[in-house]
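Chain residues, written in single-letter form:
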Amino acid sequence: MAVLRGRFIERLPARVDELTSAFAAFSEDGGEEARAHMARLAHSLAGAAGTFGYDALAAAARRLDVCLRDPACPRARVAAGLADVSAVTAAIVRDGTCD
């Protein structure tokens, strides 16, 4: 499990980069397809983070996922959710933990 956890941590920056790119696409066109793609990425990250015991990241990604699945959730709140995910991810990559 330690090896898988290490790989998860190694891939975290790329996963956040993918979310950030999806947010850029969503911001550009505001379309439901881009929003849905970002929600899938956040949902996947929430599940993986929970599997490896990164509860703070799982919670942040889950909040982002829930926001993205609500068409009334404003873009500014999506941006704030992405910032939360990025901050928690940075702490995990830097320190190995954030909880």
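Residues numbered from 1 in each chain as written. Predicted model: local features only at pLDDT ≥ 70, side-chain atom pairs only at ≥ 80, totals over all residues. Heavy atoms only, no water.

*Asks:* Summarise the overall build of the protein chain; cite the residues concerned and give the values.
*Replies:* A tally of helices and strands in the protein chain yields four helices and zero strands. Relative to a compact globule of 99 residues, whose C-alpha radius of gyration would be 13 Å, the protein chain shows 13 Å and is just as compact. Its C-alpha atoms give the protein chain principal-axis dimensions of roughly 40 × 20 × 20 Å. Within the protein chain, the proportion of its 99 residues that are buried is 38%. When the accessible surface of the protein chain is totalled, it reaches about 5,400 Å², and 56% of it is carbon and sulfur. (Helix = DSSP H or I, 4+ residues; strand = E, 2+ residues; numbered from the N terminus. Rg over C-alpha atoms; globule rule 2.2 N^0.38 Å. Buried < 20%, exposed > 50% of the residue type's maximum accessible area, 1.4 Å probe, protein only. Areas by Shrake-Rupley, 256 points an atom, 1.4 Å probe, with all protein chains shown as cover.)

*Asks:* Report on the side chain of Arg15, specifying residues and quantitative values.
*Replies:* You can see Arg15 is positioned in helix α1 (residues 2–29). Ignoring any residue separated from it by four or fewer positions in sequence, one finds Arg15 in contact with Phe8, Ser44, Leu45 and Ala48. (Contact = heavy atoms within 4.5 Å.)

*Asks:* Explain the environment of Leu68 to me, and be specific about the residues and the numbers.
*Replies:* Here Leu68 shows up in helix α3 (residues 55–69). By relative accessible area, Leu68 is classed as buried at 3%. Sequence separation of Leu68 and Ala22 is 46 residues, and the distance between their C-alpha atoms is 12 Å.

*Asks:* Describe in detail the side chain of Asp65, supporting the description with residues and values.
*Replies:* Within the secondary structure layout, Asp65 lies in helix α3. If sequence neighbours within four positions are ignored, Asp65 has contacts with Ala39, Ala42 and His43.

*Asks:* Outline the nonpolar core, listing residues and values.
*Replies:* Formed by 32 residues in total, the largest nonpolar core has its most connected members in Phe8, Leu19, Met38, Leu57, Val78 and Val85. Going through the elements one at a time, α1, α2 (32–51), α3 and α4 (75–95) are the ones with two or more residues in this core. Top element by residues in this core is α2. It accounts for nine residues. Every residue in contact with Val85, bar those within four places of it in the chain, is listed here: Val16, Leu19, Leu45, Leu57, Ala60, Ala61 and Leu64. (Core = buried A, V, L, I, M, F, W, Y, C linked by side-chain atoms within 4.5 Å.)

*Asks:* Got a sec to walk through α1? Specific residues and values, please.
*Replies:* Under the 1.5 Å per step criterion, the end-to-end length of α1 is 40 Å for 28 residues, consistent within 8% with the ideal 40 Å. Remark: the principal bend of α1, roughly 40°, maps to Arg11, with a proline, Pro13, within the next four residues. Within the span of α1, buried status applies to Phe8, Ile9, Leu12, Arg15, Val16, Leu19, Ala22, Phe23 and Phe26. Turning to α1, the residues buried within the fold contact α2, α3 and α4. Residue Gly30 follows α1 closely and has a positive phi angle near 60°. (Expected span 1.5 Å × (residues − 1). Bend = angle between axes of the 7 residues up to and from the residue.)

*Asks:* Would you mind going over the packing of α2 against α3 in detail, with residue names and values included?
*Replies:* The N-to-C vectors of α2 and α3 enclose an angle of 155°; their axes lie 8 Å apart at closest approach. As far as their axial angle goes, α3 and α2 are roughly antiparallel. Viewed along their axes, α2 and α3 form a crossing whose handedness is left-handed. Contacts from Arg35, Met38, Ala39, Arg40, Ala42, His43, Leu45, Ala46, Ala49 and Gly50 in α2 reach Leu57, Ala58, Ala61, Arg62, Leu64, Asp65, Cys67, Leu68 and Arg69 in α3. Residues belonging to the contact of α2 with α3 are distributed by class as follows: 12 nonpolar, two polar and five charged. (Axes fitted to C-alpha atoms, helices over the stretch in contact; angles between N-to-C directions. Parallel < 35°, antiparallel > 145°, perpendicular 65-115°, else oblique. Left-handed = near helix turned anticlockwise from the far one by under 90°. Nonpolar A, V, L, I, M, F, W, Y, C, P; charged D, E, K, R; others polar.)

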